[in-house]
Amino acid sequence: MENKTLRNTQDENGLKNRVIRVGTRKSQLARIQTDSVVEMLRKRYLNLHFEIVAMSTTGDKILDIALSKIGEKSLFTKELENALERNEVDLVVHSLKDLPTSLPPGFTIGAICKRENPHDAVVFHPNNYGKTLNSLPEKSVIGTSSLRRAAQLKRRFPQLEFRDIRGNLNTRLKKLDEKEDFSAIILAAAGLRRMGWENRIGQILNPEDCLYAVGQGALAVEVRARDEEILDMVSALHDAETVLCCIAERAFMRHLEGGCSVPVAVSTMLKDSQLYLTGAVYSLDGSDSLKDTMQTGVNYPQQNEEGPNDDKQYVGITAKKIPCHAQEAAENLGVELASLLLSKGAKRILSVARQLNDAR
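Below: a short report on this structure. (Residues numbered from 1 in each chain as written. Predicted model: local features only at pLDDT ≥ 70, side-chain atom pairs only at ≥ 80, totals over all residues. Heavy atoms only, no water.)

Structural notes on the overall build of the chain
Then step 1. Along the backbone of the chain there are twelve helices and 13 strands.
Then step 2. Out of the 360 residues belonging to the chain, those deemed buried represent 53%.
Then step 3. For the chain, the share of sequence-separated contacts (at least 6 apart) that also reach a separation of at least 24 residues comes to 73%.
Then step 4. When the accessible surface of the chain is summed, it comes to about 16,400 Å², and 47% of that surface belongs to carbon and sulfur atoms. (Helix = DSSP H or I, 4+ residues; strand = E, 2+ residues; numbered from the N terminus. Buried < 20%, exposed > 50% of the residue type's maximum accessible area, 1.4 Å probe, protein only. Contact = heavy atoms within 4.5 Å. Areas by Shrake-Rupley, 256 points an atom, 1.4 Å probe, with all protein chains shown as cover.)

Things to note about the pairing of strand β1 (residues 19–25)
Regular strands place their side chains on alternate faces of the sheet.
Then step 1. A large share of β1 lies buried, amounting to five of its seven residues.
Then step 2. With respect to chirality, the unit in which β1 leads through helix α2 (residues 28–44) into the neighbouring parallel strand β2 (residues 49–55) is right-handed.
Then step 3. Direction of pairing for β1 relative to strand β3 (residues 91–95): parallel, over a ladder of two bridges. Note on β3: the bridge partner recorded for V22 is L91. (Right-handed = clockwise from strand over helix to strand, strands pointing away. Pairing = 2+ DSSP bridges.)

Details of the pattern of salt bridges
Then step 1. According to the stated counting rule, one finds 17 salt bridges in the structure shown.
Then step 2. Residue D90 is joined to R224 by a salt bridge in which the shortest nitrogen-to-oxygen separation is 3.2 Å. One end of the pair, D90, is in the loop between α5 (78–85) and β3; the other, R224, is in strand β10 (residues 219–224), and 134 residues separate them in sequence.
Then step 3. Between R348 and D288 there is a salt bridge, with the nearest N and O atoms lying 3.2 Å from each other. In this pair, R348 is assigned in helix α12 (residues 346–359) and D288 in the loop between β12 (274–282) and β13 (289–297), connecting sequence segments 60 residues apart.
Then step 4. What you see here is one network of salt bridges that share partners, running through R21, D90, R224 and D227. (Salt bridge = Lys/Arg side-chain N within 4 Å of Asp/Glu carboxyl O.)

Brief notes about the packing of helix α10 (residues 240–256) against helix α11 (residues 324–343)
Then step 1. Where α10 contacts α11, the axes come no closer than 7 Å and their chain directions differ by 35°. For the crossing formed where α10 meets α11, the hand is right-handed. Residue-level inspection shows L244, I247, A248, A251, F252, R254, H255 and L256 of α10 in contact with α11, the latter providing A326, Q327, A330, E331, L333, G334, V335, L337, A338, S339, L341 and L342.
Then step 2. Split by residue class, the contact of α10 with α11 holds 14 nonpolar, four polar and two charged. (Axes fitted to C-alpha atoms, helices over the stretch in contact; angles between N-to-C directions. Left-handed = near helix turned anticlockwise from the far one by under 90°. Nonpolar A, V, L, I, M, F, W, Y, C, P; charged D, E, K, R; others polar.)

Comments concerning the sheet that holds strand β4 (residues 107–112)
Then step 1. Spatial ordering of the open sheet is given by β2-β1-β3-β10-β4, a layout of five strands whose pairing is mixed. Each edge of the open sheet is held by one strand with a lone partner, namely β2 and β4. Taken pair by pair, the neighbouring strands of this sheet meet at an average axis angle of 30°, ignoring direction.

Observations regarding the pairing of β2
Then step 1. With seven bridges joining them, β1 and β2 adopt parallel strand pairing. Opposite I20, over in β2, you have F50 as the bridge partner.

Overview of the environment of R31
Then step 1. You can see R31 is positioned in helix α2.
Then step 2. When the C-alpha positions of R31 and I52 are compared, they lie 8.8 Å apart, and in sequence the two are 21 residues distant.

Details of the environment of I322
Then step 1. Counting through the fold element by element, I322 comes out in the loop between β13 and α11.
Then step 2. Among the residues examined, I322 registers a relative accessible area of 8% and is labelled buried.
Then step 3. Taking the C-alpha atoms as reference points, I322 and H238, separated by 84 residues in sequence, lie 8.7 Å from one another.
Then step 4. Contacts of I322, omitting those with residues within four sequence positions, involve H238, A240, V243, L244, Q302 and Q327.

Quick look at the side chain of E249
Then step 1. By the element assignment, E249 lies in helix α10.
Then step 2. Its relative accessible area of 0% is what places E249 among the buried residues.
Then step 3. A polar atom in the side chain of E249 sits 2.8 Å from the backbone nitrogen of G215.
Then step 4. Non-local contacts of E249, meaning those with residues more than four positions away in its chain, are made with R115, Y212, A213, V214, G215, V266, T268 and L277. (Polar contact = N/O pair within 3.5 Å; in protein donor to acceptor, adjacent residues only side chain to side chain.)

Side note on the sheet that holds strand β7 (residues 161–163)
Then step 1. Strand order in this open sheet of five strands is β7-β6-β8-β5-β9, and the pairing throughout is mixed. Edge positions in the open sheet fall to β7 and β9 (203–205), since each of these has one partner strand only. Strand-to-strand twist across the sheet, computed as the mean angle between neighbouring axes with direction ignored, equals 30°.
Then step 2. Direction of pairing for strand β6 (residues 141–143) relative to strand β8 (residues 184–188): parallel, over a ladder of two bridges. Bridge pairing in β8 links G143 to I185.
Then step 3. Strand contacts of helix α6 (residues 147–156): β5 (120–124), β7, β8 and β9, with the helix running at about 125° to β8, the strand carrying the most contacts.
Then step 4. Packed on one face of the sheet, helix α7 (residues 169–178) meets β5 and β8 and runs near 165° to β8.

Section: the packing of aromatic side chains
Then step 1. In the structure shown here, the tally under the stated rule is zero aromatic pairs.
Then step 2. Directly above the aromatic system of Y314 lies the positively charged group of K312, at a separation of 4.9 Å from the ring centroid. (Phe/Tyr/Trp six-rings, centres within 6.5 Å; stacked < 30°, edge-to-face > 60°. Lys NZ or Arg CZ within 6 Å of the ring centre and 35° of its normal.)

Considering empty space enclosed by the protein
Then step 1. Overall, the coordinates contain two cavities of 30 Å³ or more when judged by the stated rule.
Then step 2. Taken as a whole, the largest cavity holds about 80 Å³ of empty space.
Then step 3. In terms of lining, the largest cavity is formed by eleven residues, of which the most central are R25, A30, V93, H94 and S95.
Then step 4. Put simply, the parts of the chain that give the lining of the largest cavity at least two residues each are β1, α2 and β3.
Then step 5. Split by residue class, the lining of the largest cavity holds four nonpolar, five polar and two charged.
Then step 6. Estimated volume of the second largest cavity: approximately 50 Å³.
Then step 7. A breakdown of the residues in the lining of the second largest cavity according to their chemical character gives two nonpolar, two polar and three charged. (1 Å grid on protein atoms, 1.4 Å probe; cavity = no way out; pocket = protein on both sides within 12 Å on 5 of 7 lines; lining within 4 Å. Points joined across faces, edges and corners; volume = space filled by probe spheres on them.)

Encoded structure:
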């Protein structure tokens with residue numbers, strides 16, 4: 001404990017006269033997530049001062065078009081990264097699933113916090129409380145703006161219909177409750193729990209029903225890659241298990257060249273030093289799919305790895321305190337699983353999905 005306090009004091013020495021500015025989106029959920037990260041930093045660095053800078057992003061402003069149709073990879077991150085580049089903020093808090101698998105030059109993910117529940121949740125219209133997706137009447141309309149969710153759920157529940165719904169969490173819940181357009185909507189369980197709306201969750205979708213998005217449920221702190229003081233400060237927030245799972249997921253996505261315009265889904269688990277990754281690709285209607293699982297060992301001791309590789313990134317993530325060999329194994333797992341699915345025809349499924357989505 002004494003060492004930790006000493007280390008934190010040393011870390012603060014170069015920063016204590018600076019106000020640490022933290023960039024975030026303006027939505028209520030983004031603010032709650034950012035406040036939680038800043039609170040963790042405040043507890044570790046008692047002498048530092050933090051200031052939150054909120055801004056709107058492209059994804060927040062375009063609310064009448066499905067995300068998958070906009071064709072911009074950094075919908076929720078570009079304005080925040082511009083502020084980071086101009087030194088207007090020192091770090092930015094994101095939902096990891098919003099961050100592309102390749103970051104612009106000069107940026108890195110300096111911390112990934114312990115993951116909240118990564119699964120999707122079903123929120124039902126008040127008339128349908130107590131039901132499940134399976135027990136809803138035939139032709140019931142389910143709201144989701146995610147191609148990944150729609151493809152899997154169309155396959156699993158062919159008797160239901162799926163329709164786009166956009167807006168932040170508050171807006172989508174309002175659309176559900178105040179109109180009769182939707183019988184239920186699908187949202188990330190993590191967001192609902194962070195907002196304190198766990199009581200609205202009517203059903204959690206397990207991996208057999210719906211694999212989740214790459215990075216779902218995890219918060220990421222993006223920093224300037226060369227800002228060693230800030231990088232060292234935020235690295236205290238890394239959760240090793242979450243980092244390894246998310247490296248594997250992001251490597252899988254990057255090797256497939258996936259994004260929000262194609263249905264790519266994952267599920268990961270770390271158990272007894274074995275990292276398990278399940279990954280899948282789907283056609284837009286879910287009728288065509290490829291899914292497989294691979295595993296790898298990640299039990300490597302931390303070594304003194306200072307030197308040319310001490311700032312090595314794995315799919316945009318810098319985590320010096322986690323053994324490089326473990327991170328490498330996680331990245332290789334993602335690449336190998338993607339390669340396996342590509343060898344079975346994933347490229348065709350994804351390119352058809354992309355073309356059909358563009359034509360919608």
